[in-house]
Structure formats: C-alpha cells, structure tokens
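An overview of the molecular structure
The primary structure of each chain is shown beneath.
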Amino acid sequence: MEKLIIEGGRPLYGKLSVSGAKNAALPLLAATLLAPGEHILRNVPDLRDTRTILSLLGELGATWRREGATCFIDSTNIVYAEVSYDLVKTMRASVLVLGPLIARLGRAKVSLPGGCAIGERPINFHISGFEKFGVHCRLEKGYVEAVIEGRLQGASIYFDIPSVTGTENLLMAAVMAQGTTVIKNAAREPEIGNLIDMLSHMGADIEGRGSDQLTIHGVTRLHAAETDIIPDRIETGTYLIAVAAAGGEATITDCEPAHLPALLDKLKETGARIVTADRSITVSVTPEWRKRLKSVDIKTMPYPGYPTDLQAQFMALMTLSSSICVIKETIFENRFMHVAELRRMGASIRTEGNNAVVTGRGPDGLSGARVMATDLRASSSLVVAGLAASGRTEISRIYHLERGYENLVGKLSGLGARIWKERD
Ligand code: EPU
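1. Here's the deal with the overall build of the protein
Counting secondary structure elements, the protein contains 15 helices and 24 strands. On C-alpha atoms alone, the protein measures out to a radius of gyration of 22 Å, which is about the 22 Å that the 2.2 N^0.38 rule sets for 424 residues. The contacts in the protein between residues at least 6 apart in sequence include a share of 74% that link residues at least 24 apart. Carbon and sulfur atoms form 48% of the exposed surface of the protein, whose accessible area is close to 16200 Å². Measuring between centres, the 48 positive side-chain charges of the protein sit 4 Å from its 47 negative side-chain charges.

Put into structure tokens, the structure is as follows:
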C-alpha cells in the first residue's frame, strides 16, 4: 500500500487543469449498455472508479478501448450476467447498470450495496421506481433480481429526497419505456444534465433538463452516440479550496464555473479573491488576507445548494479561519469521519449530531501529522489540511483518493506543492 507525504506551509502558484467528472463518467459509461453500436465518450477521467465500471461493462459483453481521454465502447453484444458483491462493494455506483440492463435485456441481477463510510445509503428509491415501471424486483441473498416481461411501462415517480444515482437509474430505464414517465423532485446535479445530453444524442426524448421535473417520452430504439463528459466540479472545488487554505494564486482551467454557484459565493465570503472566466477560475489569497480569513457557515444541500462532496474540504479551510462557524451536513448521516483526523493536525472541531462547530485557529492553526483517509472526500480534506499545515503530513490508505482524483500528485506538484507517494 502507498501513503501520501506532504510538506506543507507553502503557498501554491500556477495553473491546474481539471479532468472529466467522475460522477458524470460513471452513469454515462453505464448508459452505453442501452444501445448497440460504438459509443464515444470524451474527457473520461482515468480513475480507479472509471476502470472498475469499464471492466464491469466488459463482463457484461461490451468491448472497449481507451485513446487518451476518449473511450470507445461497443455494446452490441450484451449478455446477462450477475453483478457481484465483490464489485459493488468496491464501487456502489455499479448499481447504475440496473436501469440500462432492465431496459435493454428485460432483466438484471445486481448485488445490493451495503452501508458505507459516509452513511447507510439505501437504494430503495431505485427499486420502488423500477417497480412502478412494472418490473418485478426480488431481494434474495443480498442481490436484487429485476425481471420484466415485455416493455417497461411509463410511470409517475416522486422522490422523497432528490437522489442523484436514483434519478439517473430511472432515467435510463424510462427512455425505452412504453408511454410517458414523469420524475418529480428529481435531482438537478449537472451530471444529470450531462446524462440527459447523452441520452438525447442517442435518440431519447426528454423534457425538463436542469429542472426537478423530468418528462420522458419512451422511444422504441436508441443508437450509439458521441458525448463529452463535463468537467469535474468537485475536483475543481477541491483545488480552489486547497489554494485558499495554503495561500497563493492559481488558475483552475478546463472547468465550468457555473457548476459551482454555492462554493464560489462561500469562498468569496471568506475573503478569498475569485475571478471567473469562460472555462477557468482564478483564486488568490495573499498572506495578509490569509490572516483574516473569515469563518463562514455552510449547509450541504442537493444542487444547486452547497455540495456534500465539498463539505470536508471546506471544513479543513475553516480550521484556519479567524472565528467560529457551523458546518451542517444534511445529505449523509455519517460524513464527519475527517473530523477526528483534522483534530490530530490541531483543528478545533466539535460535532453535535449533523453539525460541526469549527473554531478557526488562524493561518498557523494546523501542523503536520500522520492521518488516515477514510473515504474519498475525507481524504481530499486531509490533503487540503496537509498543504496548509506546517511540517510533514503522512496520509495512509490513499486508495480512496485514487478513486476520484486523476493525477492529484502531479497536478498539485505543478502548483509548487511538495507532495509525493511512498510505500507504506
Ligand atoms: N437515498 C435514500 N434512498 C435511495 C437513494 C438515496 O434514502 O434509494 C438518500 C441517501 O441515503 C442520501 C440522499 O438520499 O441521504 C441523497 O443520496 P443520493 O442518492 O443523491 O446519493 P448517490 O446517488 O448515492 C451521488 C454521488 C455521491 C454524492 C451524492 C450526493 C455518484 C456516483 N455519487 O451519490 O458522490 O455524494 O450523490 O450528491 O454520483 C463522491 O463522489 O464522493 C460521492 C459520494
């Protein structure tokens, strides 16, 4: 196993290019199962999770090749195969093949994901949605087996809570259903817009892109298509926060500023200077500003609210602020695993239920320590903290980071960070 070493306390300067979004690439790769022919996806990040879903597509009979950031996936010959617990436990998003497999083959068998480091994360909304389409779902021995005779039937579906992968799974099932489907209180994350674009290129008829009500008029055939994956807004946000925490000035390129409305406002409130252009964001924090970094409350919400996937990183930044703030996590019930690790670096954080009260200790408030990554975004908050902390930080279990950040070490080194991997 490898660990990450950071010698922190150095401001960051330069340019950094963002990769394609992990959470868009996963549903778009799954959507290739819907139609025969060669699909072309551009800007696919090379991550542990995208490699996992590509090998899953391979197990289901698809053939694929990668040329740089472009993936060519031929899903002409899809076969019925069980998606095992071994796979789903390494990547929950494997459940995204359920919708396309049911639509294409009329049946699917996928292991139920268990709980994970950030919460229980059930998939009951996905299953009850499939049942509304007329699919018979049986839960047995840890697997969900879904079967339908004939075509799926369009349905009216309401989400109690807007679910991202739930909306994606039901969208992929609905596109070839007979009749019209209406999904109400749908999630509105930009990754869903990206999936709708791909499905539309494939011949689907979907109204309501960007809104919380999607109307899908089922079609009988879809065809292979070409689509660009949107830039990763969480990767973008992580690096913006990292520069704000360490100080300096950097331009994050190949990103989409419009996808980060809440974060950009919150960063401006801290006193960081943010300048957006067409596909880039420049953040600058001088040593003087860093001394007066303001404490800013955040509350995680479905898009366009503040993203839960940037909660841990913002908390790391707030440990360096000049006062007290409250960070409220409303999406997942256990997403404060980074708190104990940040405390080991000198942070003052108290948790009360789903609130974390952070008492900023000023720009020199963190010192390097040995810490452990517990999930993907908790790990990136430790990277943010390590870059800002004085001395050496060692982060173990970095395989979590490799699930979601392409070339993190190379990109941060390009900004002048002292960061490298070593064998643990
Ligand atoms: N929920 C249910 N039942 C369901 C589905 C969801 O109760 O059937 C609840 C969840 O427990 C949670 C809330 O609804 O409390 C929202 O969860 P959602 O379904 O939106 O999460 P997800 O689709 O499983 C995606 C991202 C996560 C991101 C969340 C929230 C992908 C592959 N994953 O998960 O990304 O945190 O949306 O934005 O898109 C990450 O990248 O680190 C990550 C965890």
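2. Remarks on the packing of aromatic side chains
Summed over the entire model, instances satisfying the criterion amount to three aromatic pairs. Between F125 and F159 the ring centres are 6.0 Å apart and the planes differ by 70°, which places this aromatic pair in the edge-to-face class. With F125 in helix α5 (residues 124–132) and F159 in the loop between β10 (156–158) and α6 (164–174), this pair connects stretches of sequence that are 34 residues apart. Look at F125 and you get partly exposed, because its relative accessible area is 22%. F159 gets classed as buried once you look at its relative accessible area, which sits at 1%. The positively charged end of R107 is found above the aromatic ring belonging to Y80, 3.6 Å away from the centroid.

About the criteria used
- Residues numbered from 1 in each chain as written.
- Predicted model: local features only at pLDDT ≥ 70, side-chain atom pairs only at ≥ 80, totals over all residues.
- Heavy atoms only, no water.
- Helix = DSSP H or I, 4+ residues; strand = E, 2+ residues; numbered from the N terminus.
- Rg over C-alpha atoms; globule rule 2.2 N^0.38 Å.
- Contact = heavy atoms within 4.5 Å.
- Areas by Shrake-Rupley, 256 points an atom, 1.4 Å probe, with all protein chains shown as cover.
- Lys, Arg positive; Asp, Glu negative; His and termini not counted.
- Charge placed at Lys NZ, Arg CZ, Asp CG, Glu CD.
- Phe/Tyr/Trp six-rings, centres within 6.5 Å; stacked < 30°, edge-to-face > 60°.
- Buried < 20%, exposed > 50% of the residue type's maximum accessible area, 1.4 Å probe, protein only.
- Lys NZ or Arg CZ within 6 Å of the ring centre and 35° of its normal.

These figures come from the coordinates and say nothing about function on their own.
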